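This is what each chain is made of:
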Protein chains: 2
Amino acid sequence: MVRPGGRSARVQHAVHTAVRELEAEVGRDALTVPLVAARAGVTPSTIYRRWRDLQQLLSDVAVERLRPDAAPEDRGDLASDLEAWAEQFLDEMASPPGRAYIRDALLGDPDGSNAGQCSAYAAEQVGVVLARAAERGEKAPDVESVIDHVIAPMMYRILFRPGRLDASYARRLVADLLA
Amino acid sequence: MVRPGGRSARVQHAVHTAVRELEAEVGRDALTVPLVAARAGVTPSTIYRRWRDLQQLLSDVAVERLRPDAAPEDRGDLASDLEAWAEQFLDEMASPPGRAYIRDALLGDPDGSNAGQCSAYAAEQVGVVLARAAERGEKAPDVESVIDHVIAPMMYRILFRPGRLDASYARRLVADLLA
């Protein structure tokens, strides 16, 4: 665990910021550990000690970027809430930056914890939508069913099936699940 | 395209064989391009010219290993055929070597063609099962529905959700789709 405000948290913040800045300035393929270290004001060995290699650092940065920054919109009923969430999720994840972050998150992740974190973020958002439906007295599927039949097909096609994915695909998955 | 029997096909065969042998002997993490080249009897620059780096070579080898080596079993009806296929697919893909091949296939695959090939193999196998059902006069879903609701959930959980996946999970996905 990283104690907020401690030295470890400050190093993490400086290094993540350096990666994001340098990605924007020189592009992802030109990133190196010494370059990131110089920008962050730490030694390369600090980075190697903590992240082992560039790929693991990029995976941590990608997971941070995939963290949702707001609760899903409340549109008043389950079908609308879940549709809106699925459309936005697909839009973000299937975009070129979204695809790059998913790739980075998976690649530098030897123990699977970063991939698990990405999935936990999505499950939390869906949990909020389903809890609202329960409060309204609506019949709702469980989170695991939404993972299997809405999230999984979108992510599978992003990773494994070339071709366009549009909002109507997300809406159809939600409609089929709720039918 | 690689002409079978040509020089290019011979190089590919020698290099793939060298990767498989060395993986078994020294382990995947000890593989390097010079080591593979020496074993295959080619120069390292031959490998760099053709695969660019070790990751792309490992991706190609992984896709070869994920190629199905037999048609799905014919058990006489759609539900049994699809259940048996899904159980075997999950068993292979969720095993430690299966997970390593999926990872390798995705990682050294800048244009997504190897990931697409993995998915095409699975879709072909499912297509055989569904064509048999059609010949028997059984009502059957289309390949895209099997991808969305059987293949995608299994692959998503292998990549993103830690935890045990057993045959009953595969059977439940098939039963839900056919219900």
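Residues numbered from 1 in each chain as written. Chains lettered and ligands numbered in written order. Predicted model: local features only at pLDDT ≥ 70, side-chain atom pairs only at ≥ 80, totals over all residues. Heavy atoms only, no water.

J.: Can you tell me about the overall build of chain A, naming the residues and giving the values?
T.: Looking only at helices and strands, one finds nine helices and zero strands in chain A. For chain A, the N- to C-terminal ordering of α and β elements is α-α-α-α-α-α-α-α-α. Viewed in the frame of its principal axes, chain A has a C-alpha envelope of about 55 × 40 × 30 Å. Counting only residues that meet the buried cut, chain A has 46% of its 179 residues in that class. For chain A, the exposed area adds up to about 9,000 Å²; of that, 50% sits on carbon and sulfur atoms. For chain A, the centre of its 22 positive side-chain charges and the centre of its 27 negative side-chain charges are spaced 6 Å apart. (Helix = DSSP H or I, 4+ residues; strand = E, 2+ residues; numbered from the N terminus. Buried < 20%, exposed > 50% of the residue type's maximum accessible area, 1.4 Å probe, protein only. Areas by Shrake-Rupley, 256 points an atom, 1.4 Å probe, with all protein chains shown as cover. Lys, Arg positive; Asp, Glu negative; His and termini not counted. Charge placed at Lys NZ, Arg CZ, Asp CG, Glu CD.)

J.: Give me the lowdown on the relation of the copies chain A and chain B, citing residues and values where you can.
T.: After a rotation of 180° and a shift along the axis of 0.0 Å, chain A superposes on chain B with an RMSD of 0.0 Å. The superposition of one copy onto the other is thereby described by a two-fold rotation axis. Take the interface residues of chain A: 97% of them recur as interface residues in chain B, which is what a same-surface contact looks like. (Least-squares fit on C-alpha atoms with pLDDT ≥ 70 in both. Contact = heavy atoms within 4.5 Å.)

J.: Describe in detail the domain arrangement of chain A, supporting the description with residues and values.
T.: Domain boundaries in chain A define domain 1 (7-51) and domain 2 (69-178). Each of domain 1 of chain A and domain 2 of chain A was reduced to a C-alpha centroid, and the two centroids are 30 Å apart. (Domains from an automatic or database assignment.)

J.: Break down the interface of chain A and chain B for me, citing the residues and quoting the values.
T.: The interface of chain A with chain B comprises 29 residues on the first partner and 28 residues on the second. A buried area of about 2,500 Å², summed over both sides, lies between chain A and chain B, and 54% of it is on carbon and sulfur atoms. Three residues stand out in chain A for area buried against chain B, namely A:Asp148, A:Tyr156 and A:Phe160, and they jointly supply 26% of the buried area on that side. Of the charged contacts in the structure, one is a salt bridge between A:Arg161 and B:Glu144, with a shortest N-O distance of 3.7 Å. (Buried area = accessible area lost by both parts, 1.4 Å probe. Salt bridge = Lys/Arg side-chain N within 4 Å of Asp/Glu carboxyl O.)

J.: Run through the UniProt feature "DNA-binding region" (unreviewed entry) in chain A, naming residues and quoting values.
T.: The UniProt record marks residues 32-51 of chain A with the feature "DNA-binding region" (unreviewed entry), using the residue numbering of this structure. Span residues 32-51 of chain A is 80% helix and 0% strand, its end C-alpha atoms 13 Å apart. (UniProt positions renumbered as here; feature names shortened; annotations may be inferred.)

J.: Could you give me a rundown of the packing of helix α4 (residues 54-66) of chain A against helix α6 (residues 96-107) of chain A, with the residues and numbers involved?
T.: When two helices pack together, their arrangement is given by the angle between their axes and by how far apart the axes lie. Residues and elements named next belong to chain A. At a minimum axis separation of 7 Å, α4 and α6 run at an interaxial angle of 130°. Viewed along their axes, α4 and α6 adopt a mutual orientation that is oblique. Handedness of the crossing formed by α4 with α6: left-handed. In this structure, α4 uses Gln55, Leu58, Ser59, Ala62, Val63, Arg65 and Leu66 to contact α6, whose residues at the interface are Tyr101, Ile102, Asp104, Ala105 and Leu107. Classifying every residue of the contact of α4 with α6 gives eight nonpolar, two polar and two charged. (Axes fitted to C-alpha atoms, helices over the stretch in contact; angles between N-to-C directions. Parallel < 35°, antiparallel > 145°, perpendicular 65-115°, else oblique. Left-handed = near helix turned anticlockwise from the far one by under 90°. Nonpolar A, V, L, I, M, F, W, Y, C, P; charged D, E, K, R; others polar.)

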